[in-house]
Amino acid sequence: MKSIPFDDVFKLAKPGDIVYCDPPYVSNHNSLAFKYFGKDFTLDDQKKLAFLAKVHQSRGITTL
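Notes on the structure follow.

Calculation notes
- Residues numbered from 1 in each chain as written.
- Predicted model: local features only at pLDDT ≥ 70, side-chain atom pairs only at ≥ 80, totals over all residues.
- Heavy atoms only, no water.
- Helix = DSSP H or I, 4+ residues; strand = E, 2+ residues; numbered from the N terminus.
- Buried < 20%, exposed > 50% of the residue type's maximum accessible area, 1.4 Å probe, protein only.
- Contact = heavy atoms within 4.5 Å.
- Areas by Shrake-Rupley, 256 points an atom, 1.4 Å probe, with all protein chains shown as cover.
- Salt bridge = Lys/Arg side-chain N within 4 Å of Asp/Glu carboxyl O.
- Core = buried A, V, L, I, M, F, W, Y, C linked by side-chain atoms within 4.5 Å.
- Expected span 1.5 Å × (residues − 1).
- Polar contact = N/O pair within 3.5 Å; in protein donor to acceptor, adjacent residues only side chain to side chain.

From N to C terminus, the protein includes two helices and four strands. Along its sequence from the N terminus, the protein presents helices and strands in the succession α-β-β-β-α-β. Considering the protein as a whole, with its 64 residues, one finds that 23% of them fall into the buried category. Across the protein, the fraction of contacts at a sequence separation of at least 24, relative to all contacts at a separation of at least 6, is 62%. A total accessible area of about 5,000 Å² is found for the protein, and carbon and sulfur atoms account for 60% of it.

In structure tokens, the structure reads:
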């Protein structure tokens, strides 16, 4: 199975699909930053994921 960025997953999703989201927790000091495709998974990434999940739910794509 190939890994792809989460925003690409949402681009491929169709109504009726289920997208399971399990992002890492962001620490207050980012001392436990999770590496995501070679870079830190930031608070901005968390916000983008939440936004995409909400937008795609309105398109009939279940996000968990």
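After that view, the rundown keeps rolling.
The subject of this paragraph is the pattern of salt bridges. Taken as a whole and assessed by the stated rule, the structure comprises two salt bridges. Of the charged contacts, one joins Lys 11 and Asp 8 as a salt bridge, the two residues approaching to 3.5 Å between their closest N and O atoms. Taken together, the residues Lys 11 and Asp 8, both in helix H1 (residues 6-12) and three residues apart, mark about one turn of the helix. Residue class for Asp 8 comes out partly exposed when judged on its relative accessible area of 27%.

Turning our eyes to something else, we now look at the environment of Gln 46. As for its placement among the helices and strands, Gln 46 is situated in helix H2 (residues 43-57). Put simply, Gln 46 and Pro 23 are 23 residues apart on the chain and 7.2 Å apart in space, counted from C-alpha to C-alpha.

A few words now on the environment of Phe 41. If you trace the backbone, Phe 41 turns up in the loop between strand S3 (39-40) and H2. Classification of Phe 41 by relative accessible area gives buried; the value is 5%. Remark: the alpha-carbon pair of Phe 41 and Pro 23, spanning 18 residues in sequence, is separated by 8.5 Å.

Next up on the list: the nonpolar core. Membership of the largest hydrophobic core is limited to 10 residues, which are Phe 6, Phe 10, Ala 13, Val 19, Cys 21, Phe 41, Leu 49, Leu 52, Ala 53 and Ile 61. At three residues, the largest contribution of residues to this core is made by H2.

Before going further, it helps to examine H2. Taking 1.5 Å per residue as the helical rise, H2 with its 15 residues ought to reach 21 Å, and the 21 Å between its terminal C-alpha atoms agrees with that figure. Lining the buried residues of H2 we find H1, S3 and strand S4 (62-63).

Before going further, it helps to spend a moment on the side chain of Thr 63. In this fold, Thr 63 is placed in strand S4. A relative accessible area of 12% places Thr 63 in the buried class. A polar side-chain atom of Thr 63 sits 2.3 Å from a polar atom in the side chain of Gln 57. The residues contacting Thr 63, other than those within four sequence positions of it, are Phe 10, Val 19, Ala 53 and Gln 57.

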